[in-house]
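If you want the building blocks of each chain, they are given just below.
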Amino acid sequence: AFNGVHEGVAFLRDFEAFRNTLPEIRARTFIATPPMPPMRLTVDRLGYRYPGATTDALHEVSFDLQRGQIMAVVGANGSGKSTLAKVICGLLTPTRGAVSWDGIDLADCDPQSVRAQIAPVYQDFGAYMLAVRRVIGLGDAERLGDEAAILLAAEQAGLGSMIEGLPGGLDTRLGKMFTDGVDLSGGQWQRLAIVRALFRDAPVLVLDEPSASLDPRGEAELFNLLHDICNDRIVIFISHRFATVRSADTVLVMDEGAVVEQGSHHDLMRSGGMYHDLFTIQAERYGSAT
């Protein structure tokens, strides 16, 4: 009971801090309109420090990514990959530097207009206990009734046959808490989160360890899917499995919040730096480092 009270007080402090900043948030004016869709994502000397921390979680991060390109972000745990994803998606405000689309600083744009063009999938994705069509349709609530688009997104992510095999198809209720509910495996729940992002049909796709619950074959299939659909999207793919990022257009290697290497898989392997070492460690488990 004491622990519960302690946690509750902590949440109340956060809530009160948020309420105190509401006047400032509502008073903000935005002087720019984000491009729709963006053709280029630029991160310029980006820095971020969590409240109360004494060191930066991100510092001096810079890169350019064109529409139609996939960038893989790799690095050890705690290297800043997830923080970078949240800053790019507008969930965290940069302490320094800027995130811009086609030269327009997103800090000057209405956050709702920016977020409407981003489809994120995070490690802690939501497992919504709803009918399958609603679980997917929440990616774009205004098109919740577009069954054809929902089925297309499911087919793209390789879940078409699974949904057909459910007792009620798209109308199957998920979750063991319901009498007629169907439970899914961790990998299937994660694929549904990916389907939800695809259904959103946003020009910027940010995937933070979207295959953590998938086996290596499933992750390889997901990466192949990204190549098939990214010809008109900007895609950022964070992964701890180096084998699946070899075909990315560019690889960003992070360590302690900074970018230490950037380039194609082959260039990074030739350079013999951190990427080479980390890739080799993983590859040796499968008997080859090439």
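No experiment lies behind these values; they were computed from the predicted model shown.

**Examining the pattern of salt bridges**
A side chain of one charge can pair with a side chain of the opposite charge when the charged atoms of the two come close.
Consideration 1: Going through the model one piece at a time under the given rule, you end up with 11 salt bridges.
Consideration 2: Residue D146 pairs with R143 through a salt bridge whose shortest N-O separation is 3.9 Å.
Consideration 3: Of the charged contacts, one joins D267 and R270 as a salt bridge, the two residues approaching to 2.4 Å between their closest N and O atoms. Here R270 and D267 lie together in helix α9 (residues 265-271), a separation of three residues that amounts to about one turn.

**Some words on the nonpolar core**
Consideration 1: In this structure, L192 and Y275 are the most contacted members of the largest nonpolar core, which totals 50 residues.
Consideration 2: With eight residues, helix α7 (residues 186-200) is the largest single contributor of residues to this core.
Consideration 3: Not counting chain neighbours up to four residues away, the residues in contact with L192 comprise V132, V135, I136, L159, L174 and L184.
Consideration 4: Counting residues in hydrophobic clusters, the runner-up holds 30 residues, among them V43, M71, I88 and I234.

**Describing the confidence of the model for the protein**
Consideration 1: Per-residue pLDDT for the protein averages 86, and the proportion of residues at 70 or more is 96%.
Consideration 2: In the model of the protein, helix α8 (residues 216-229) stands out as the element of lowest mean pLDDT, 73, in contrast to strand β1 (residues 40-48), which has the highest, 95.

**Observations concerning the layout of surface pockets**
Consideration 1: Its volume calculated, the largest pocket comes out at about 740 Å³.
Consideration 2: In this structure, the largest pocket is lined by 25 residues; those nearest its centre are R28, G90, L92, T93 and R115.
Consideration 3: Where the lining of the largest pocket is concerned, the elements lending two or more residues are α1 (2-27), α2 (81-88), β4 (96-101) and α3 (111-115).
Consideration 4: Counted as a void, the second largest pocket has a volume near 440 Å³.

**Overview of the packing of aromatic side chains**
Consideration 1: Counting across every chain of the model gives two aromatic pairs.
Consideration 2: With centroids separated by 4.9 Å and ring planes inclined at 90°, the aromatic side chains of Y48 and Y50 adopt a geometry described as edge-to-face.
Consideration 3: Residue classification places Y48 among the buried positions, given a relative accessible area of 8%.
Consideration 4: Classification of Y50 by relative accessible area gives partly exposed; the value is 33%.
Consideration 5: The interplanar angle of 20° and the centroid separation of 6.1 Å between the aromatic rings of Y275 and F279 together place this pair among those described as stacked. Taken together, the residues span about one helical turn, with Y275 and F279 both in helix α10 (residues 274-284) at a distance of four residues. Each member of the pair, Y275 together with F279, is buried.

**Some words on the pairing of strand β9 (residues 250-255)**
Consideration 1: For β9, the buried fraction is high: five of the six residues fall into the buried class.
Consideration 2: With five bridges joining them, strand β3 (residues 70-75) and β9 adopt parallel strand pairing. The partner of V74 across the bridge, within β9, is V253.
Consideration 3: In textbook terms, the turn of a hairpin is the stretch between consecutive antiparallel strands, and for β9 and strand β10 (residues 258-263) this stretch comprises two residues, one of which, E256, has a positive phi near 55°.

**Quick notes on unusual backbone geometry**
Consideration 1: Here M36 and P37 are connected by a cis peptide whose omega angle stands at -5°.
Consideration 2: The residue P37 is located in the loop between α1 and β1 in this model.
Consideration 3: Despite not being glycine, E256 shows a phi value in the positive range, around 55°.
Consideration 4: Examined against the element boundaries, E256 turns out to sit in the loop between β9 and β10.

**Let's talk about the sheet that holds strand β5 (residues 104-105)**
Across a sheet, strands are paired by hydrogen bonds formed along the backbone, either parallel or antiparallel in direction.
Consideration 1: The four strands are arranged β2-β1-β4-β5 in an open sheet whose pairing can be described as antiparallel. The open sheet is flanked by β2 (58-66) and β5, the only strands paired with a single partner.
Consideration 2: For β4 and β5, the ladder comprises two bridges, and the chain directions are antiparallel. From the neighbouring strand, S100 faces β5, where its bridge partner is D105.

What counts as what
- Residues numbered from 1 in each chain as written.
- Predicted model: local features only at pLDDT ≥ 70, side-chain atom pairs only at ≥ 80, totals over all residues.
- Heavy atoms only, no water.
- Salt bridge = Lys/Arg side-chain N within 4 Å of Asp/Glu carboxyl O.
- Helix = DSSP H or I, 4+ residues; strand = E, 2+ residues; numbered from the N terminus.
- Core = buried A, V, L, I, M, F, W, Y, C linked by side-chain atoms within 4.5 Å.
- Buried < 20%, exposed > 50% of the residue type's maximum accessible area, 1.4 Å probe, protein only.
- Contact = heavy atoms within 4.5 Å.
- pLDDT = per-residue confidence, 0-100.
- 1 Å grid on protein atoms, 1.4 Å probe; cavity = no way out; pocket = protein on both sides within 12 Å on 5 of 7 lines; lining within 4 Å.
- Points joined across faces, edges and corners; volume = space filled by probe spheres on them.
- Phe/Tyr/Trp six-rings, centres within 6.5 Å; stacked < 30°, edge-to-face > 60°.
- Pairing = 2+ DSSP bridges.

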